[in-house]
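The lines below spell out each chain.
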Amino acid sequence: MNNIVAIVGRPNVGKSTLFNRLIQRREAIVDSVSGVTRDRNYGKSEWNGKEFSVIDTGGYVRGSDDVFEGEIRKQVELAIDEADVIIFVVDVEEGITPMDDVVARLLRKVTKPVLLAVNKVDNAMREKDALEFYNLGLGEYFTFASISGSGTGDLLDALIDSFPVKPEPVQEEVVLPRFAVVGRPNAGKSSFINALIGKERFMVTDIAGTTRDAIDTKFDRFGFEFNLVDTAGIRRKAKVKEDLEFYSVMRSVRAIEHADICILIIDATRGFEGQDQSIFWLAEKNRKGVVILVNKWDLVEKDTMSTRDYEAKIREELMPFTDVPILFVSALTKQRLLKALEATVQVFENRKQRIPTSKFNEFMLKVIEAYPPPATKGKYVKIKYCMQLPTLTPQFVFFANMPQYVKEPYKRYLENKIRENWDFSGVPIDIYIREK
């Protein structure tokens, strides 16, 4: 599992600027996504060959000094609890403030690595001013300027060195696939799992946010065997008002990141809302298989066109990745739950399928010959060989004489042809064009 780095500190010290710089350092391998909302940022970064996740804990609630201090204490404590390494950002221009002292007192009590990062240090005079921050009692500090990037290399070197050495996972005799049940609060995720396993394994109430943690349950019924992960609901930042829900958000993001398949539960009575889309794209960006279950379908007034219209509307929102199973279920009446299981297992099989190189070339080269890449500046692109890469998720490489002239529309054409001939429903596909 990736290490998680939490960036903490009071407002306006440059946390978000540092976050943006970290996740954009290697754009080819970094995925910046809206990890819970459009405001609370979650992303992936890499330095010296080590990948890690970054969470910006900015955006504290404004109010009086007492209320403000309480909010900082809650969120920093939760970040400390979940993260592997903490970066504490301070501002050299303002020096040590009472709010910095509040955070520093919390961080001095923890055993996890804490990196004190002094921002806005862009000249020799400010290097001297930074000496003041020894008074926070956190030991050595790192000076940097988040806007220009000066000094961030040393900070990242220290960050990588601070990562804990994690033991190699014990290999089970049979490694079961992990299916994460995700969605907005109160969409019926826990009810769905209870209906599957046939007992009240999870607390279910009408209060949104009852589930606080990501919990694994082994499922072994109806000929299926896998681990189900019930995650806390992910909701928009404007509604994340209590500290426990912030903790739930962090755990849910991690559950998505380390699942094989994400079962996205949406509330049929509310429709496919913006936050449902955010969760979907978070799973897609992490290259997870996805199945969409429209829950509470028994509560919706229907006519002969309801299902088709509802499904068409969802697919329109998912473009261009529309090859996703969508099922209409009811956890309460157990309507179509077995079909939902079958669809999820099928997506898992789709995700791990491997196409023999000879068969792949036989089909795809004919497709390419029938519709070759468009000529650019009078130059013709020729693709003579292709294959599936030996990766955990479906990735395909096409070798061409001039790969730089193969644009995104043609890559989508190749992907569509692959999906027409092989079943990759619910699974993101990566297409690479390389020089032969």
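Where an unreviewed UniProt entry is consulted, the protein appears under the name GTPase Der, with the organism given as Flavobacterium pectinovorum. Here the protein is described in UniProt, under the heading Function (unreviewed entry), as follows: "GTPase that plays an essential role in the late steps of ribosome biogenesis." A UniProt comment under Sequence similarities (unreviewed entry) is attached to the protein, and it reads "Belongs to the TRAFAC class TrmE-Era-EngA-EngB-Septin-like GTPase superfamily. EngA (Der) GTPase family."

### So, the packing of helix α11 (residues 357–370) against helix α12 (residues 408–421)
For the pair α11 and α12, interaxial distance at closest approach is 11 Å and the crossing angle is 135°. Classified by the interaxial angle, the pair formed by α11 and α12 is oblique. With respect to the hand of their crossing, α11 and α12 are arranged in right-handed fashion. For the pair α11 and α12, contact is made by Phe360, Phe363, Met364, Val367 and Ile368 and by Tyr410, Tyr413, Leu414, Lys417, Ile418 and Asn421, respectively. Tallied by class, residues from the contact of α11 with α12 come to nine nonpolar, one polar and one charged.

### With respect to the pattern of salt bridges
Scanning all chains against the criterion turns up 14 salt bridges. For Arg126, the salt bridge identified is with Asp122, shortest N-O distance 3.5 Å. Accessibility expressed as a relative area gives 23% for Arg126, which makes it partly exposed. Residue classification places Asp122 among the exposed positions, given a relative accessible area of 51%.

### Remarks on the pairing of strand β14 (residues 383–388)
The sheet contact formed by β14 and strand β15 (residues 395–400) spans five bridges and is antiparallel. Bridging from a neighbouring strand, Met387 pairs with Val397 of β15. Here β14 hands over to β15 after six residues, the two strands then running antiparallel side by side.

### Points about helix α6 (residues 189–197)
Within α6, eight of the nine residues are buried, leaving the element largely enclosed by the surrounding structure. Turning to α6, its buried residues are Lys189, Ser190, Phe192, Ile193, Asn194, Ala195, Leu196 and Ile197.

### What about the side chain of Ser330?
Counting through the fold element by element, Ser330 comes out in the loop between β13 (326–328) and α10 (337–352). Side chain to side chain, Ser330 and Asp298 meet in a polar contact 2.9 Å long. Contact partners of Ser330, with chain neighbours within four places excluded, come to Asn295, Lys296, Asp298, Gln335 and Leu337.

### Brief notes about the sheet that holds strand β16 (residues 430–435)
Spatial strand order, β14-β15-β16: three strands in an open sheet with mixed pairing. With one partner strand each, in any of the chains shown, β14 and β16 form the two edges of the open sheet. For this sheet the average axis-to-axis angle between neighbouring strands, irrespective of direction, equals 20°. Relative to β16, β15 is paired through six bridges, and the arrangement is parallel. Directly across from Phe398, in β16, lies its bridge partner Ile433. Most of the contacts of α12 go to β16, to which it runs at about 120°, and overall it touches β14, β15 and β16.

### A few points about helix α8 (residues 274–285)
End to end, α8 covers 16 Å across 12 residues, agreeing with the expected 16 Å (1.5 Å per residue, within 8%). Of all the 12 residues making up α8, nine are buried; the element is thus mostly covered by neighbouring parts of the structure. Taken as a whole, α8 has its buried residues at Gln275, Asp276, Gln277, Ser278, Ile279, Phe280, Leu282, Ala283 and Glu284. Directly beyond the C-terminal end of α8, a positive phi value near 60° is found at Arg287.

### Observations concerning the environment of Lys44
Along the polypeptide, Lys44 turns up in strand β3 (residues 42–47). Put simply, Lys44 and Ile4 are 40 residues apart on the chain and 9.3 Å apart in space, counted from C-alpha to C-alpha.

So, how was this worked out
- Residues numbered from 1 in each chain as written.
- Predicted model: local features only at pLDDT ≥ 70, side-chain atom pairs only at ≥ 80, totals over all residues.
- Heavy atoms only, no water.
- UniProt positions renumbered as here; feature names shortened; annotations may be inferred.
- Axes fitted to C-alpha atoms, helices over the stretch in contact; angles between N-to-C directions.
- Helix = DSSP H or I, 4+ residues; strand = E, 2+ residues; numbered from the N terminus.
- Parallel < 35°, antiparallel > 145°, perpendicular 65-115°, else oblique.
- Left-handed = near helix turned anticlockwise from the far one by under 90°.
- Contact = heavy atoms within 4.5 Å.
- Nonpolar A, V, L, I, M, F, W, Y, C, P; charged D, E, K, R; others polar.
- Salt bridge = Lys/Arg side-chain N within 4 Å of Asp/Glu carboxyl O.
- Buried < 20%, exposed > 50% of the residue type's maximum accessible area, 1.4 Å probe, protein only.
- Pairing = 2+ DSSP bridges.
- Polar contact = N/O pair within 3.5 Å; in protein donor to acceptor, adjacent residues only side chain to side chain.
- Expected span 1.5 Å × (residues − 1).

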